[in-house]
Amino acid sequence: MNFSSDWGRIMRLRLGTLFLVLFFIGVNPPLRLQAQDTGGTTPVTASKELTLVKAAMCEGIKNSSPQNQAIIFSAAIGEVFCFTSFDPVPEKSFIYHNWFNRDRLSTRIRLAINPPRWSTYSSTTFREADKGPWRVEVTDQDGHILNILRFSITD
Amino acid sequence: MDKIFASLLSIRWQDVFDITLNSYILFRLYVLFRRTNVFRVLIGIAFLWFFQRIAVFLGLILTSWVIGGITAAAALIIIVVFRNEIRSYLQAEKIWAILWGFPRKAVDTPVQVIAESVFEMARRHTGALIVVPGKDDLEEVIQTGVTWDGAISKEMLISIFWPDNPVHDGAAIVRGTRITKVGVLLPLSRRNDLPSKYGTRHRAALGLTETTDALAVVVSEERGQVIVSKGSQIHLINNKDELSSILQDHLGIAEENLGRLKREKVELAAAALASLVLITGIWFSFTRGFESLVALEVPIEYMNRRSEIEIVDTSVNAIHVYLSGSGALIRSIQPSQIHVRLDLANGVVGHNTFTITPEDITLPPGIILTKVKPRMVEVKLDVLTERSLPVQVDWTGRLPRNLVMTQLVITPETVRIIGGRQVLNSVSTVYTEKLRLDTINKSGTLTAKLALNPTSIRFVSGYNENVKVDYVIKKRF
């Protein structure tokens, strides 16, 4: 499978994973306190598994939140986003967003995630020929599927 | 010359049996119907068929068509006209007599008694007409007489033709040891060349024997002469021995006459040989003559596939077979008579290449395989396995711009599929047939049919091909 060609042909990856959503300590006090209680070491967090708490297909991202979540998108809007949020993130690692058009892998996007919580997204643009059923498989760095998001691109 | 040798070497035991059987049937037809009208008509039909074949060979389209029609009609007519004769053979007490043995007619007919009676009546100038039937049925030609059914005796015959007897003017029919009918009226001959001395009795005797294989004995009332009519011939008989001999000959009564037996054996041997030669000629003309070629597309049948193995893909579903043989056989060939069977017993999972050999192709007898195209067939085999696959809706059309579909529940979420392992590994989702969005304006439920792709996979029994789709529609903010 030539991922690099798919990468370049279809998708414009907005490597904007960039946005790190660190919630205020007051928003998530237990985790923060827990980390603090452990004196900044990671035995407790390391023992926790990477957990996907939210995944959604949407038309955009605004203020670190998915906008206009849906499962059917018009090809006319041109771009669809896959938003994922993890809590906790035990250690710095990667996750993948694998975009499939029917059963054909269209693109595979690697996204970095960092402790203790992280939200990230990928997106892809669509042409008329891309109409049909799609899915995004969210996997950890070892390839374990964390979630599958199914959606359709229509007229 | 080589071609002739090759043709002879290709004769199978079935062909020899075929020729022998049909030769024997033809020979038996001759034995059963010889010297009868049926046989003469059969000969006529055989000639018609022969001329029709010649007409076909010469390309005389209309002539061959007309003769063919006449032959077919004649074959039908022979069954209708000679139904009584045919029935008499089929209803014979010994059905094996049809297949074996040589029929003898009324071997126990008291010929000597008849001869003595006839010459006694001749001496007394008592007119008489006695009919001894052959194989032909007389019911079609004779007028109804009086049923008599009395044993033959000299006194009985003389009394029947006694001038004061009411039935003395008619004919007496003799079958075996009995006089079956008396006072029978016979059809009169229309011949103009008969001497004036012959009266009505002579004309009646001729009228019957001209149209049947019966023999008639006439005693002239005026001259006291004995005359025998057979076919269209009339013979004057001078003594009892001569009449006895003629009657025995007509009835097929075995005599201690070596010459006659030898003559009959020679006749039958010649008939058997002629039957063999004729059928062999016909067989060769059918199977080897006028070689023609034809190409047919025949579907491939895959045999001996193990139950756990599935045919996933084949390079071709049918092959072209090029055949040669006689024109008659090639024209009569039906595609259903040809089978191409590939043995998958040694097939392995994955790609297999099979070469089609003549042993894989079943042909009708007499047809020769000249070429196969393509000769190689690729068959992809796979092990059957089951998998649960998620279902996804394949939407099409467009939702109104102010609406958005936010939630979708498919029931069941997964379906169990059976198919080739390699095929199933390449399939991760079962999609529905296309569902249109244009008519959707609020939340609701739809029923969608699943579309299996590739077609080689199928549902495990118990799974429905329809799923329920519940969807939630909200207004776009």
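So, here's what we can say about the structure. Just so you know, these numbers come straight off a predicted model, no measurement behind them.

A short note on the overall build of chain B
Okay, step 1: Assigned secondary structure in chain B consists of 13 helices and 21 strands.
Okay, step 2: Classification of the 477 residues of chain B by burial places 40% in the buried group.
Okay, step 3: Taking as baseline every contact in chain B between residues at least 6 positions apart, the subset at least 24 positions apart corresponds to 71%.
Okay, step 4: For chain B, the accessible area works out to roughly 26,900 Å², and carbon and sulfur atoms hold 59% of it.

What about helix α4 (residues 61–81) of chain B?
All names here are of chain B.
Okay, step 1: Look at α4: 30 Å from first C-alpha to last across 21 residues, which is about the 30 Å you get at 1.5 Å a residue.
Okay, step 2: Taken as a whole, α4 has its buried residues at Ser64, Ile67, Thr71, Ala74 and Ile78. What you see down the axis of α4 is that its buried residues fit within an arc of 85°, all on one side. Projecting away from the buried face of α4 at angles above 90 degrees are the exposed residues Ile61, Leu62, Trp65 and Leu76.

Brief notes about the environment of Ile61 of chain A
All names here are of chain A.
Okay, step 1: Counting through the fold element by element, Ile61 comes out in strand β2 (residues 60–62).
Okay, step 2: The class for Ile61 is partly exposed, based on a relative accessible area of 23%.
Okay, step 3: C-alpha of Ile61 to C-alpha of Tyr121: the two residues are 60 residues apart in sequence and 8.4 Å apart in space.

Things to note about the interface of chain B and chain A
The figure often quoted for interface size is the accessible area lost as the parts come together.
Okay, step 1: Taken together, the contact between chain B and chain A spans 21 residues of the former and 19 residues of the latter.
Okay, step 2: For the pair chain B and chain A, the summed buried area comes to about 1,600 Å², and 47% of that belongs to carbon and sulfur atoms.
Okay, step 3: Remark: the boundary between chain B and chain A carries two salt bridges.
Okay, step 4: On inspection of chain B and its partner chain A, the count reaches 13 residue pairs in polar contact (both at pLDDT 80 or more).
Okay, step 5: Going through the elements one at a time, β15 (376–396), β16 (403–411) and β18 (430–436) of chain B are the ones with two or more residues in the side of chain B that touches chain A.
Okay, step 6: The element best represented in the side of chain B that touches chain A is β15 of chain B, accounting for six residues.
Okay, step 7: Of the residues assigned to the side of chain B that touches chain A, the class counts are nine nonpolar, eight polar and four charged.

Considerations on the sheet that holds strand β6 (residues 226–230) of chain B
The strands making up a sheet associate through hydrogen bonds between their backbones, and the pairing can be parallel or antiparallel.
Residue and element names in this part refer to chain B.
Okay, step 1: With mixed pairing, seven strands are arranged side by side in an open sheet as β2-β4-β3-β1-β5-β6-β7. The open sheet has two free edges, formed respectively by β2 (146–151) and β7 (233–237), since each of these has just one partner strand. Across the sheet, the mean angle from the axis of one strand to that of its neighbour is 25°, orientation sign disregarded.
Okay, step 2: Inspection of the sheet shows strand β1 (residues 128–132) paired to strand β5 (residues 215–219) by five bridges, in the antiparallel sense. Along β5, the bridge assignment pairs Val132 with Leu215.
Okay, step 3: Contacts between helix α9 (residues 200–211) and the sheet are confined to β1, β5, β6 and β7, with β5 contributing the most and set at about 175° to the helix.

Re the pattern of salt bridges
Okay, step 1: Scanning the model with the defined rule gives 23 salt bridges over all chains in all.
Okay, step 2: Note that Arg135 of chain A and Glu137 of chain A form a salt bridge whose closest N and O atoms lie 3.2 Å from each other. As far as the burial class goes, Arg135 of chain A and Glu137 of chain A line up, both buried.
Okay, step 3: A salt bridge links Arg341 of chain B to Glu301 of chain B; the shortest N-O distance between them is 3.3 Å. With a gap of 40 residues between them, Arg341 of chain B in strand β11 (residues 339–343) and Glu301 of chain B in strand β8 (residues 291–303) connect regions that are remote in the sequence.
Okay, step 4: Through salt bridges with shared partners, one network takes in Arg102 of chain A together with Asp394 and Lys434 of chain B.

Calculation notes
- Residues numbered from 1 in each chain as written.
- Chains lettered and ligands numbered in written order.
- Predicted model: local features only at pLDDT ≥ 70, side-chain atom pairs only at ≥ 80, totals over all residues.
- Heavy atoms only, no water.
- Helix = DSSP H or I, 4+ residues; strand = E, 2+ residues; numbered from the N terminus.
- Buried < 20%, exposed > 50% of the residue type's maximum accessible area, 1.4 Å probe, protein only.
- Contact = heavy atoms within 4.5 Å.
- Areas by Shrake-Rupley, 256 points an atom, 1.4 Å probe, with all protein chains shown as cover.
- Expected span 1.5 Å × (residues − 1).
- Arc of directions from axis to C-beta.
- Buried area = accessible area lost by both parts, 1.4 Å probe.
- Salt bridge = Lys/Arg side-chain N within 4 Å of Asp/Glu carboxyl O.
- Polar contact = N/O pair within 3.5 Å; in protein donor to acceptor, adjacent residues only side chain to side chain.
- Nonpolar A, V, L, I, M, F, W, Y, C, P; charged D, E, K, R; others polar.
- Pairing = 2+ DSSP bridges.
- Axes fitted to C-alpha atoms, helices over the stretch in contact; angles between N-to-C directions.

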